[in-house]
Structures are given as structure tokens and as C-alpha cells.
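Read off the chains here:
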Amino acid sequence: MDDLQTRKAIIAACLKMNTVGLNQGTSGNISVRVGDYILITPTSIPYEDLLPEDIVRLDMDGTPHGLRKPSSEWRFHLDILRARPDLNAVVHAHAPYCTTLAIMHMDIPAVHYMVAAAGGEDIRCAPYATFGTQELSDRVIEALEGRKACLMAHHGMLAAEASLDKAMWLAVEVEALARQYHGALLLGDPPVLNDDQLAEAIAQFTRGYGQATTD
Ligand code: 13P
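Each value, and the rule that gives it
- Residues numbered from 1 in each chain as written.
- Predicted model: local features only at pLDDT ≥ 70, side-chain atom pairs only at ≥ 80, totals over all residues.
- Heavy atoms only, no water.
- Pairing = 2+ DSSP bridges.
- Helix = DSSP H or I, 4+ residues; strand = E, 2+ residues; numbered from the N terminus.
- Contact = heavy atoms within 4.5 Å.
- Axes fitted to C-alpha atoms, helices over the stretch in contact; angles between N-to-C directions.
- Near = heavy atom within 4 Å.
- Polar contact = N/O pair within 3.5 Å; in protein donor to acceptor, adjacent residues only side chain to side chain.
- Nonpolar A, V, L, I, M, F, W, Y, C, P; charged D, E, K, R; others polar.
- Salt bridge = Lys/Arg side-chain N within 4 Å of Asp/Glu carboxyl O.
- Buried < 20%, exposed > 50% of the residue type's maximum accessible area, 1.4 Å probe, protein only.
- pLDDT = per-residue confidence, 0-100.
- UniProt positions renumbered as here; feature names shortened; annotations may be inferred.

For the rest of this paragraph, the subject is the sheet that holds strand S6 (residues 125-126). If you trace the eight strands from one edge of the open sheet to the other, you get S4-S3-S2-S1-S5-S8-S7-S6, paired in mixed fashion. Edge strands, defined here as strands with exactly one partner in the open sheet, are strand S4 (64-65) and S6. Pairing of strand S7 (residues 149-152) with strand S8 (residues 156-161) involves four bridges; the strand directions are antiparallel. Looking at the pairing, Ala149 lines up with Ala159 of S8. Set on the sheet, helix H1 (residues 3-19) makes contact with strand S1 (29-34), strand S2 (37-40), strand S3 (56-59) and strand S5 (89-93); between it and S1 the angle comes to about 155°. Set on the sheet, helix H2 (residues 74-83) makes contact with S1, S2, S3, S5, S7 and S8; between it and S1 the angle comes to about 35°.

Structure, rendered in C-alpha cells:
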């Protein structure tokens, strides 16, 4: 996707993240790598009002270009895309069930095989740090070690993937997982997959899930 197509895709993803219940209001933010720079949502503008020119370009050293101020969370978006060449898009949302677990500082264990879609045996919850800070970015990077999604204590969640479509898919799946885990906790002490079951699920995702695409 070129620059303009990516700006339009980011706006469409922002609108979708609110209509599917993954996020609300001006919470959340999205970034996508385009060659040697990233495009990121501007801070605090309602998604319904966004125009392609409102999306901010950030050089890989953090220099912003555009009409608007970038998302207050530009640091973790940039740090993730700098540290992880395997990832090209980051979706951050205050998704209700992920945030409920994150308020309780809970990781999501392997209560369902879909945990493996995020790359490992669990989805970690990064310890709390103030929004928009380098400290939060550092904690997020640590929680994402070997993973493509994490929760953020007293804050929300994020999912990162090779493309924006995939990152949105993963964000929706992680929120579903959080809802299922929350429901199972209400019924008792949820059992988890054993190491062999989990290893096989991770291997299945590593072999590739879905249609082969070029994105
Ligand atoms: P921005 O509007 O600055 O992107 O902030 C929203 C948010 O979710 C901060 O964590």
C-alpha cells in the first residue's frame, strides 16, 4: 500500500475498532510502517472526523511531519516498529475485557489455543506506567518479547502484526480471548492447555494460519 492508501486504511481501521466494540471515543491509536517511516493517528481527534491529511508521518528517529500532533503514544508505536522488523502495524485499544483483566494486572494464560496466535504460551500484562511515557514504551517492549500482543495494566491492550489487517484481526481475537477468560473465571479456576498441546498450537500458527497473502 502506498502512503495515501495507508492513511485511508488507518482511518477505516480506527472506525472499525470503535464500531466492533474494541475501543471507544478517542481512546486507542494505530500506526503502520510505510517503507522507512511510519504513519500514525493524530492525538485526540474523533475518528469520524479524520481525513487522510490528519494522519501524522513520523521518521524513524521520531521527527513528526504533518498538520497534527501525533498520538500521545507515538513512543511505543515507534519503539515497537523499530525493534521488531517482523511487525508493520500496531493497534492499541482500550478494549473492555482486556482492560478489565489489565486493571487486575492479569496475564491471559493458555485457557484457549488462540493464545498461541499472539506468539507464545500466554499474553502478558505490562506493568503500569503513565500513558505517553518512555517508561510505558519500555514496559510494553518487554511484555512483547516473543509475542505480538500484550495487555497494559490500568490501561488497555495492543496487537501488532505484519500488516494492518492482521493486527486488527489479532486485536479482535485477543479481546475475545479476554472475554472468554473473564467468563471462565466466573465459573471457577480455568484449566489450561498442557505444554504439548500448547507447543502444537504454536507450531500450527508458525506453519501459517489463513490464506497466503502478500501483505
Ligand atoms: P491519543 O489520542 O493521544 O492517541 O491517546 C489515546 C490513548 O489511548 C492513550 O493511551
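Looking now at the site of the ligand. Around the ligand, a shell composed of Thr26, Ser27, Gly28, Asn29, Thr43, Ser44, Ser71, Ser72, Glu73, His92, His94 and His155 is seen. At 2.7 Å from an oxygen atom of the ligand is found a side-chain nitrogen or oxygen belonging to Ser71. Here an oxygen atom of the ligand and a side-chain polar atom of Ser72 are 2.6 Å apart. A class-by-class count of the residues in the shell around the ligand yields no nonpolar, eleven polar and one charged.

On to the pattern of salt bridges, then. In total, this model carries nine salt bridges according to the counting rule given. Note that Asp79 and Arg82 form a salt bridge whose closest N and O atoms lie 3.1 Å from each other. Here the residue Asp79 and the residue Arg82 both occupy positions in helix H2, the gap between them amounting to three residues, near one helical turn. Asp79 gets classed as buried once you look at its relative accessible area, which sits at 13%. One salt bridge in this structure joins Glu200 and Arg207, with 2.9 Å as the shortest N-O distance.

Within the protein chain, residue pLDDT values average 96, and 99% of them lie at 70 or more. Mean pLDDT values for the elements of the protein chain range from 92 in helix H6 (residues 195-207) up to 99 in S7.

Sequence positions flagged by UniProt for "domain: Class II aldolase/adducin N-terminal" (unreviewed entry) are, in local numbering, residues 8-182. A distance of 34 Å separates the end C-alpha atoms of residues 8-182, which is 34% helix and 19% strand.

Next up on the list: the side chain of Asn23. Inspection of the secondary structure puts Asn23 in the loop between H1 and S1. Only 2.5 Å separates the side chain of Asn23 from the backbone oxygen of Ser27, close enough to count as a polar contact. Filtering out sequence-adjacent residues up to four positions away, Asn23 remains in contact with Met17, Asn18, Gly28, Tyr47, Ala93 and His94.

So, about the pairing of S2. Two faces, one strand: in a regular strand the side chains alternate between the faces of the sheet. Here S2 shows a buried face lined by Tyr37 and Leu39 and a second buried face lined by Ile38 and Ile40. Bridging between S1 and S2 involves four bridges; their strand directions are antiparallel. When the bridges of S2 are listed, Val32 appears paired with Leu39. Counted between consecutive antiparallel strands, the loop separating S1 from S2 contains two residues, among which Gly35 sits at a positive phi close to 60°. Sheet analysis places S2 next to S3, joined by four bridges and oriented antiparallel. Note on S3: the bridge partner recorded for Tyr37 is Asp59.

With that settled, the discussion passes to the environment of Thr6. Following the sequence through the fold, Thr6 ends up in helix H1. Separated by 34 residues in sequence, Thr6 and Ile40 place their C-alpha atoms 9.9 Å apart. Among the polar contacts listed, one links the side chain of Thr6 to the backbone oxygen of Asp2, at a separation of 2.7 Å.

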